[in-house]
Amino acid sequence: MTRVFDTDLALRFATRAVHAGQLPDETSGAIMTPIYQTSTYVQEGLGRHKGFEYARTRNPTRDALERNLAALEGGLHGFAFASGLAATDAVLHLLSAGDHVLAGENLYGGTHRIMTQVFQQLGLTFSFVDTRYPEKVAEAITPATKMIFVETPSNPMMRLTDLAAVAEIARDRNVLLVVDNTFATPVFQRPLELGADVVLHSTTKYLNGHSDMVGGAVITNRDDLAERFAFLQNAAGAVPGPFDCWLALRGTKTLALRMQQHDASGRCLAEWLKNHPVVKKVYYPGLPEHEQYELACRQMTGFGGMISFDVGSAERARRVVESTRIFALAESLGGVESLIGHPASMTHASVPKELREAMGLTDGLVRLSVGIEDVDDLREDLDQALSQAAKI
Ligand SMILES: *Cc1c(COP(=O)(O)O)cnc(C)c1O
């Protein structure tokens, strides 16, 4: 189990991002945490070792990443996993057959899939609730409910959940609150401070930020949950390799800086898209038109680079995503390079069509992950792609 150093939490965010969890290497003084590419560690004698026995259980590069991620979320314990979904798998393994999970209705497609096609089969039950309304969350809790699982802002509809309000409901009813903080990142939103029990990340996205690895993490302040996560991480074994940990650790050093640019360009493009004749509707929590703008301002300190917009038809959406030259057509998000996607046929294809349409995830919806390129180039690229779409 990895505990952050007390001093790490006293530092301000950007300083923590660069330094937390990392000390110069003891043997050489190397300022960067080495990639400990090893599966095992030599023991001095039976039961005498340096705390490292086997690399599924612990690895020094992974330890450094886990301490760093914990410090960024303002938590005490961090656990790194082989992917965001491996982290979700560990979270759901906290539960037992018969337990009920109340989940947001607009989750990442793979999260919906692991719930309904893996854990349901093992005896967990799920209900998917519009968590924009805390009263609906309270109403949907049953005596079997053990966990509330939300994503805010949600993917791709950018719906928000009032974390402080839902945390209070969870606390009153003795239910765990798990928050997927992949979109906002701890730069803009810190769920543990608002009362969540567990924060989950796909580190594949903004935390790593360079689209060159796949990883996940969970962070908690609760010692009992940390003990269970440490057990599950080792017992189920979905651990990341040391090189991927090192890449993520390199990524978080620039997280604060990158997020500032994603946010500035995100705001600028959302504002511009809103007035474009081909665009029917823009979903971005930083627009005053967003129906939860007031909550966004209260709960988040920035809005980031994820924007969805509706161009009215599948044909127009196809034309837009196939016409951009800088925005690359690809799944995923959160990298320095801008991406464009079509949620209905890409990230959310595993969500049933009725469910998609019910939440506004139409075939005309396009999703952007705004990178850190020059925003004028990005706007011009979208402008020429949208004028292609205007011809149909
Ligand atoms: C990508 C993503 C996941 C899944 O993470 P992987 O690293 O792809 O397994 C979970 N939640 C959100 C919000 C994501 O964007």
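Residues numbered from 1 in each chain as written. Predicted model: local features only at pLDDT ≥ 70, side-chain atom pairs only at ≥ 80, totals over all residues. Heavy atoms only, no water.

### Let's talk about empty space enclosed by the protein
- Tallied over the entire structure, the rule returns four cavities of 30 Å³ or more.
- Taken as a whole, the largest cavity spans an internal volume of roughly 90 Å³.
- Looking at the largest cavity, it is lined by 13 residues, and the ones nearest its centre are Asn 106, Thr 131, Ser 154, Arg 159 and Thr 161.
- Looking at the lining of the largest cavity, its residues break down into three nonpolar, five polar and five charged.
- Within this model, the second largest cavity holds a volume of roughly 70 Å³. (1 Å grid on protein atoms, 1.4 Å probe; cavity = no way out; pocket = protein on both sides within 12 Å on 5 of 7 lines; lining within 4 Å. Points joined across faces, edges and corners; volume = space filled by probe spheres on them. Nonpolar A, V, L, I, M, F, W, Y, C, P; charged D, E, K, R; others polar.)

### A few points about the nonpolar core
- In this structure, Phe 13, Leu 65 and Leu 255 are the most contacted members of the largest nonpolar core, which totals 38 residues.
- Elements supplying a minimum of two residues to this core: α2 (13-19), α3 (60-72), α8 (185-188), β7 (216-220), α10 (242-253) and α11 (255-274).
- There are two domains that each give this core at least three residues, and those are domain 1 (2-253) and domain 2 (256-389).
- In contact with Leu 255, not counting residues within four places along its chain, are Phe 13, Leu 72, Pro 186, Val 187, Tyr 206 and Leu 207.
- Judged by nonpolar contacts, the second largest core, of 31 residues, contains Ala 270, Val 282, Val 320 and Leu 386. (Core = buried A, V, L, I, M, F, W, Y, C linked by side-chain atoms within 4.5 Å. Buried < 20%, exposed > 50% of the residue type's maximum accessible area, 1.4 Å probe, protein only. Helix = DSSP H or I, 4+ residues; strand = E, 2+ residues; numbered from the N terminus. Domains from an automatic or database assignment. Contact = heavy atoms within 4.5 Å.)

### Considering the packing of aromatic side chains
- Enumeration over the complete set of coordinates arrives at six aromatic pairs.
- With 5.4 Å between their ring centres and 40 degrees between their planes, Tyr 41 and Phe 52 make a pair best called tilted. With Tyr 41 in the loop between α2 and α3 and Phe 52 in the loop between α2 and α3, the pair connects residues that are eleven residues apart, well separated along the chain.
- The class for Tyr 41 is buried, based on a relative accessible area of 15%.
- Overall, the relative accessible area of 17% leaves Phe 52 in the buried class.
- Aromatic side chains Phe 126 and Phe 128 sit 6.4 Å apart centroid to centroid with 15 degrees between the ring planes, which places their arrangement in the stacked category.
- Residue classification places Phe 126 among the buried residues on the basis of a relative accessible area of 12%. (Phe/Tyr/Trp six-rings, centres within 6.5 Å; stacked < 30°, edge-to-face > 60°.)

### Re α11
- The end-to-end C-alpha distance of α11, which contains 20 residues, comes to 28 Å, matching closely the 28 Å that a straight helix rising 1.5 Å per residue would cover.
- Along α11, the positions that sit buried rather than exposed are Leu 255, Ala 256, Arg 258, Met 259, His 262, Asp 263, Ser 265, Gly 266, Leu 269, Ala 270 and Leu 273. (Expected span 1.5 Å × (residues − 1).)

### Side note on the pairing of strand β5 (residues 176-180)
- In terms of burial, β5 is a largely internal element, five of the five residues being buried.
- Going residue by residue along β5, you find Leu 176, Val 178 and Asp 180 tucked away on one face and Leu 177 and Val 179 tucked away on the opposite face as well.
- With five bridges joining them, strand β4 (residues 145-151) and β5 adopt parallel strand pairing. Across the sheet, Phe 149 pairs through a bridge with Val 178, a residue of β5.
- Traced from β4 through helix α7 (residues 163-172) to β5, the parallel crossover comes out right-handed. (Pairing = 2+ DSSP bridges. Right-handed = clockwise from strand over helix to strand, strands pointing away.)

### A few points about the site of the ligand
- Taken together, Ser 83, Gly 84, Leu 85, Tyr 108, Glu 151, Asp 180, Thr 182, Ser 202, Thr 204, Lys 205, Gly 215 and Leu 333 make up the full set of residues adjacent to the ligand.
- At a separation of 2.8 Å, an oxygen atom of the ligand approaches a polar backbone atom of Gly 84.
- At 2.9 Å, a backbone N or O of Leu 85 approaches an oxygen atom of the ligand.
- Protein contacts shield 93% of the accessible area of the ligand, which totals 380 Å² for the unbound molecule.
- Taken together, the residues of the shell around the ligand sort by class into three nonpolar, six polar and three charged. (Near = heavy atom within 4 Å. Polar contact = N/O pair within 3.5 Å; in protein donor to acceptor, adjacent residues only side chain to side chain. Areas by Shrake-Rupley, 256 points an atom, 1.4 Å probe, with all protein chains shown as cover.)

### Re the side chain of Thr 347
- Note that Thr 347 resides in the loop between β11 (339-341) and α14 (353-358).
- If we skip the residues at most four places from it in the chain, Thr 347 touches Gly 109, Glu 331, His 342 and Arg 367.

Everything listed here is a matter of coordinates, which is why it stays silent on function.
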